[in-house]
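Listed below are the residues making up each chain.
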Amino acid sequence: MKKLFIVGMLLLPMLAQAQPFKYQKTVMDFKHYNGQATLTGTYSRVLDPEYVDYLGDGICFTPDAKSALLIPRPKGDQRSVYFCFSNFEQAKKTFKLPNTIKKGYCSYEGKATISIKNYKLFFIESEGFDHTTLISAKNITPPKALKCDSYQ
């Protein structure tokens, strides 16, 4: 009995890191998950006109390694965890991101702790990215403009 208790206590931290998102359905190129998570990492907005023309204007997030473990990924998926916010206007306001950038600069980025909900995993091998809804953010560092050669 004592051994069972010890094993249970050792597994508890692993269970605390259990996937917060539950698979719901697949619609076209996205697997939809319901749930919520709090992550730390880097937010960004690329304003390079070529990038915006090709992929659109978006505010995205790259979680740090520990937070990335909370994001759904199929077995064997080696892609970096990166997603954009489906509620663009709220994200822009939350991170205080401008609509323009000085010549020679192409993107903004900063650090934050965010809460998200309802994750959409883009699973085909093509240009595209995952989407989620930003609920809130804290510990936000001001956005820093990056020169064009440093964001790629």
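The structure contained in this document is the topic of the report that follows.

Conventions and cut-offs
In this convention, every chain numbers its residues from 1, walking through the sequence in written order. In keeping with the predicted nature of the model, local features appear solely for residues at pLDDT of at least 70, side-chain atom pairs appear and are counted solely at 80 or more, and the whole-chain, interface and lining totals rest on all residues. To get the side-chain values, take all heavy atoms of the structure and skip hydrogens and water. For our purposes a nonpolar core is just a set of buried Ala, Val, Leu, Ile, Met, Phe, Trp, Tyr and Cys residues, chained together by side-chain atoms within 4.5 Å. Each residue gets one of three labels from its accessible area relative to the maximum for its type: buried under 20%, exposed over 50%, partly exposed in between, using a 1.4 Å probe on protein chains only. Helical segments are the DSSP runs of H or I of at least four residues, strand segments are the runs of E of at least two, and each set is numbered from the N terminus. Contacts: residue pairs with any heavy atoms within 4.5 Å of one another. A pair of strands counts as paired when DSSP detects no fewer than two bridges linking them.

Judged by nonpolar contacts, the single largest core of 25 residues is most densely connected at Leu39, Phe83, Phe85, Phe95, Ile114 and Ile116. Elements with a minimum of two residues in this core: strand 2 (30–46), strand 3 (59–63), strand 4 (83–85), helix 4 (88–95) and strand 5 (105–122). For this core, the element with the most residues is strand 5, which contributes six residues. When sequence neighbours within four positions are dropped, the list of residues in contact with phenylalanine 95 reads Tyr43, Ile59, Phe85, Ala112, Ile114, Leu134, Ala137, Ile140 and Pro143.

Note: strand 1 (residues 21–27) against strand 2, six bridges, orientation antiparallel. Considered in strand 2, the bridge of tyrosine 23 is made with tyrosine 33. As judged from the 15 bridges shared by strand 2 and strand 5, these two strands associate in the antiparallel manner. Of the residues in strand 5, the one forming a bridge with leucine 39 is isoleucine 114.

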